[in-house]
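Given next are the chains, with one letter for each unit.
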Amino acid sequence: MGTPVNNRLLLVNGPNLNLLGTREPAVYGHETLEDVFAIARATAEDVGFDLRAFQSNHEGALIDVIHEAKADCDGIVINPGGLTHTSVALRDALAGVELPFVEVHISNVHAREEFRHHSYLSGIASAVIVGAGVQGYEFAVRRLATILG
């Protein structure tokens with residue numbers, strides 16, 4: 001993909017991820033969204049990137065921050081939450097900014113309900129990390145740094 005220009009990554013978390021630590025801990029663990037941000041930031045620093053983190057329960061806000069990333073980010077790590085399975089608009093935003101991105105899911109969505117098995121994003125993602133818990137964010141940042149080379 002080429003040499004990073006901005007040395008910045010965007011971390012996007014979608015609906016309900018603000019409830020990490022309290023929402024279904026048997027599925028999502030006890031770590032909070034702040035823990036996720038800390039893991040991703042530390043990993044980004046380790047591989048030479050700054051990290052901007054964002055979470056929203058609103059699809060339009062997620063699309064806006066993805067559009068803004070084109071101006072000052074080299075790539076995106078995204079956990080789109082439930083929008084994974086429903087949002088063509090989110091897919092179009094990611095395709096439109098033409099930044100490499102890694103899709104992350106804390107749980108193994110393929111071992112859950114049938115509707116969670118389909119992602120509108122996976123087909124255009126540079127990588128997909130599923131079922132690694134919050135450590136998946138570390139893997140995603142490292143993989144994105146490798147892709148950006």
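Criteria and cut-off values
- Residues numbered from 1 in each chain as written.
- Predicted model: local features only at pLDDT ≥ 70, side-chain atom pairs only at ≥ 80, totals over all residues.
- Heavy atoms only, no water.
- Helix = DSSP H or I, 4+ residues; strand = E, 2+ residues; numbered from the N terminus.
- Rg over C-alpha atoms; globule rule 2.2 N^0.38 Å.
- Buried < 20%, exposed > 50% of the residue type's maximum accessible area, 1.4 Å probe, protein only.
- Contact = heavy atoms within 4.5 Å.
- Areas by Shrake-Rupley, 256 points an atom, 1.4 Å probe, with all protein chains shown as cover.
- Lys, Arg positive; Asp, Glu negative; His and termini not counted.
- Charge placed at Lys NZ, Arg CZ, Asp CG, Glu CD.
- Pairing = 2+ DSSP bridges.
- Right-handed = clockwise from strand over helix to strand, strands pointing away.

**Student:** What exactly am I supposed to notice about the overall build of the protein here?
**Tutor:** A tally of regular secondary structure across the protein gives five helices and five strands. Listed N to C, the secondary structure of the protein is β-α-α-β-α-β-α-β-β-α in terms of helices and strands. The C-alpha atoms of the protein give 14 Å as radius of gyration, which agrees with the globular expectation for 149 residues (15 Å, within 12%). Reported as C-alpha extents along the three principal axes, the dimensions of the protein are approximately 40 × 30 × 25 Å. Counting all 149 residues of the protein, 47% fall into the buried class. A fraction of 75% describes how many contacts in the protein between residues 6 or more apart in sequence connect residues 24 or more apart. Entry remark: accessible area of the protein is about 6,800 Å², with carbon and sulfur atoms responsible for 50%. A distance of 2 Å separates the average location of the 10 positive side-chain charges in the protein from that of its 18 negative side-chain charges.

**Student:** I'm lost on the pairing of strand β4 (residues 101–105) in this one. Help?
**Tutor:** The buried fraction of β4 amounts to five of the five residues, a majority that puts the element mostly inside the structure. Here β4 shows a buried face lined by Phe101, Glu103 and His105 and a second buried face lined by Val102 and Val104. Across three bridges, strand β3 (residues 75–79) lies against β4 in parallel orientation. What sits directly across from Val77, in β4, is Val102. Taken together, β3, helix α4 (residues 88–97) and β4 form a β-α-β motif whose crossover is right-handed. Bridging between β4 and strand β5 (residues 127–130) involves four bridges; their strand directions are parallel. If you follow His105 over to β5, its bridge partner there is Val130.

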